[in-house]
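For reference, the chains in residue letters:
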Amino acid sequence: MPMKVAVLQLQSIGMSSTKLYHFIRIAHKKGVKLLLLGEYMLNSFFKELESTPVSMIKEQSDHHLAVLKEMAQTHDMVIVAPIIIVKKKEPYKVIAKISPNSTSYYHQQFLINDSHWNEEKYFANPIEGIKAPMSFSLDGVKFMIMGGFELHFDDLWYYASMKNTDCVLLPTISTFESHERWKEIIKMRAFTHNCYVLRANRIGDYKEEGYTWHFYGDSVLADPYGEIEEHLGDSEELMIAEIDHKRVIEARRSWGFKEALNKRQ
């Protein structure tokens, strides 16, 4: 039986939890079992974080984590949410998997290191050997979590194949009119690995020195055949979609990519 999943597409919500409560209740009423949030939605955008005291970042993150833990338990839902955690006064960029009875964290392994957007320099995430991204099963469906920037690295997608992943969860904060590039890469990854890719992108604007960074939304669900099944526009929305394990199996049998790999290992 297909599983209902959802993407919550918002801009940064500051310290307010009103919209979280509102949309999570709606998702619960619709039978959603897993909810994915976009990057820098619970925290301010990276460029704003650079000038924010770490103590304030920690306060904001602790507040939202408490709310999400409460909501996950109340509504028997798994919530996957990028967030900044602070340990020993050092910020780490992670993705939290919040279940009704437990919380775990995936520390993003690849961070943007451009001169105008250098997460690698700012965050304390270690630079070390590549590890398998966080994976988990929910009602018979196998999920894997990747940070948005990590979409580009083949070595991480190797683990998606090895672990027979049904759906990759991809929170992003894409900007600079990159709509089509991101959509095509997502479709390609979904097709070559015959899995779903659920992408949650943030919305909103950040203005710097007369230039506006526009985060355009366009959250999508790509199916195991590389086709876009569901997508959102550029406004505040909740997308509810279905993940069907049988469709993953059908795609893999049809194209045989996984079988060809197994013969050579």
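Our structure is the block above this text.
Calculation notes
- Sequence order as written defines the numbering, with residues in each chain counted from 1.
- Thresholds applied to this predicted model are a pLDDT of at least 70 for local features of residues and 80 or more for the giving and counting of side-chain atom pairs; totals over whole chains, interfaces and linings are not thresholded and use all residues.
- Values shown for side chains rest on all heavy atoms present in the structure; no hydrogens or waters enter the calculation.
- Note on definitions: angles span 0 to 180 degrees between N-to-C directions of axes, and those axes are lines fitted to C-alpha atoms, for helices only across the stretch in contact.
- Helix and strand labels come from DSSP, where a helix needs a run of H or I of at least four residues and a strand needs a run of E of at least two; each type is numbered from the N terminus.
- These descriptions rest on fixed angle ranges, namely under 35 degrees for roughly parallel, over 145 for roughly antiparallel, 65 to 115 for roughly perpendicular, and the rest for oblique.
- In a left-handed crossing the near helix is turned counterclockwise from the far helix by less than a right angle, and in a right-handed crossing that turn is clockwise.
- A contact between two residues is defined here by any heavy atoms of the two lying within 4.5 Å.
- Residues were grouped as follows: Ala, Val, Leu, Ile, Met, Phe, Trp, Tyr, Cys and Pro as nonpolar; Asp, Glu, Lys and Arg as charged; and all remaining residues, including Gly, as polar.
- Exposure classes here rest on a 1.4 Å probe applied to the protein chains alone. A residue is buried below 20% of its type maximum, exposed above 50%, and partly exposed in between.
- Of all possible arcs, the one meant is that of the directions from the helix axis to the C-beta atoms.
- We treat two strands as partners when DSSP finds at least two bridges between them.
- The handedness of a crossover follows from its direction of travel: if, with the strands pointing away from the viewer, the path from the first strand over the helix to the second runs clockwise, the crossover is right-handed.
- Throughout, the protein atoms alone are placed on a 1 Å grid, and a set of points is a cavity if a 1.4 Å probe fits but cannot get out or a pocket if it is open with protein on both sides within 12 Å along at least five of seven lines; lining residues have an atom within 4 Å of a point.
- Grid points are joined across faces, edges and corners, and a volume is the space filled by probe spheres set on the points.
- Aromatic rings from Phe, Tyr and Trp, with only the six-membered ring used for Trp, were paired whenever their centres fell within 6.5 Å, and each pair was classed as stacked if the ring planes differed by under 30 degrees, edge-to-face if by over 60, and tilted otherwise.

Engineer: Can you break down the packing of helix H1 (residues 18-29) against helix H3 (residues 54-75) residue by residue, with the values?
Structural biologist: At a closest axis distance of 11 Å, the pairing of H1 and H3 adopts a crossing angle of 20 degrees. Accordingly, the angle class assigned to the pair H1 and H3 is roughly parallel. Considering the relative orientation of H1 and H3, their crossing is right-handed. Counting all contacts with H1, which are made through Leu-20, Tyr-21, Ile-24, Arg-25 and His-28, the residues of H3 involved are His-64, Val-67, Leu-68, Glu-70, Met-71 and His-75. Taken together, the residues that form the contact of H1 with H3 break down as 6 nonpolar, 3 polar and 2 charged.

Engineer: Would you mind going over helix H5 (residues 154-162) in detail, with residue names and values included?
Structural biologist: If you check which residues of H5 are buried, you get Leu-156, Trp-157, Ala-160 and Ser-161. Along H5, the residues classed as buried sweep out an arc of 155 degrees about the axis, all on the same side. Those residues of H5 hidden inside the fold are in contact with strand E9 (141-145), strand E10 (167-172), helix H6 (179-192), strand E11 (196-201) and helix H8 (257-263). Directly after H5, the chain includes Asn-164, whose backbone phi takes a positive value near 50 degrees.

Engineer: Any chance you could break down the pairing of strand E2 (residues 34-37) for me, citing the residues and the numbers?
Structural biologist: Burial along E2 is two-sided: the face carrying Leu-34 and Leu-36 and the face carrying Leu-35 and Leu-37 are both buried. Pairing analysis gives 4 bridges linking strand E1 (residues 3-9) to E2, with the strands arranged parallel. Note that in E2 the partner of Leu-8 across the bridge is Leu-37. Crossover E1 to E2 through H1 is right-handed. In the sheet, E2 pairs with strand E3 (residues 78-87) via 3 bridges, with the strands oriented parallel.

Engineer: Describe the environment of Ile-186, listing the residues and the values that go with them.
Structural biologist: Here Ile-186 lies in helix H6. Spatially, the C-alpha atom of Ile-186 lies 26 Å from that of Arg-264, the residues being 78 residues apart in sequence. Aside from chain neighbours lying at most four places away, what touches Ile-186 is Leu-151, Leu-170, Val-197, Arg-199, Val-220 and Ala-222.

Engineer: Lay out empty space enclosed by the protein in plain terms, naming residues and giving numbers.
Structural biologist: Vacant regions in the atomic arrangement are exposed by a probe of water-molecule size rolled over the atoms. Applying the stated criterion across every chain yields a total of 3 cavities of 30 Å³ or more. By volume, the largest cavity is sized at about 50 Å³. Gln-108, Gln-109, Phe-110, Leu-111, Glu-120, Asn-125, Pro-126 and Ile-127 are the residues that line the largest cavity. Its residues assigned to classes, the lining of the largest cavity shows 4 nonpolar, 3 polar and 1 charged. By volume, the second largest cavity amounts to about 40 Å³. Surrounding the second largest cavity, Glu-39, Tyr-40, Asn-43, Pro-82, Ile-83, Ile-84 and Lys-93 form its lining.

Engineer: Please give an account of the sheet that holds E1 that cites residues and values.
Structural biologist: Pairing within the open sheet is mixed, and its 6 strands lie in the order E5-E4-E3-E2-E1-E16. If you trace the sheet from one side to the other, it starts and ends with strand E5 (103-107) and strand E16 (237-243), each paired once. Strand after strand, the sheet turns through a mean of 35 degrees between neighbouring axes, direction not considered. Against the sheet, H1 contacts E1, E2, E3 and E16, and its axis sits at roughly 30 degrees relative to E16. Set on the sheet, H3 makes contact with E3, strand E4 (90-98) and E5; between it and E3 the angle comes to about 155 degrees.

Engineer: Just give me the short version of the packing of aromatic side chains, but keep the residues and values in it.
Structural biologist: Evaluation of the coordinates by the stated rule reveals 19 aromatic pairs. Both rings, one in Phe-136 and one in Phe-143, keep their centres 5.4 Å apart while their planes meet at 20 degrees; by these two values the pair is stacked. Phe-143 carries the same exposure label as Phe-136, and that label is buried. Taking the centre distance of 5.5 Å and the plane angle of 75 degrees together, the rings of Phe-149 and Phe-153 count as edge-to-face. For Phe-149, a relative accessible area of 24% gives the class partly exposed. For Phe-153, a relative accessible area of 25% gives the class partly exposed. In textbook terms, an aromatic cluster arises when at least three aromatic residues are bridged by ring pairs, as seen for Tyr-40, Phe-45, Trp-117, Phe-176, Tyr-206, Tyr-211, Trp-213 and Phe-215.

Engineer: Summarise the side chain of Ser-17; cite the residues concerned and give the values.
Structural biologist: For Ser-17, the position within the fold is in the loop between E1 and H1. On the basis of relative accessibility, which here comes to 9%, the residue Ser-17 falls in the buried class.

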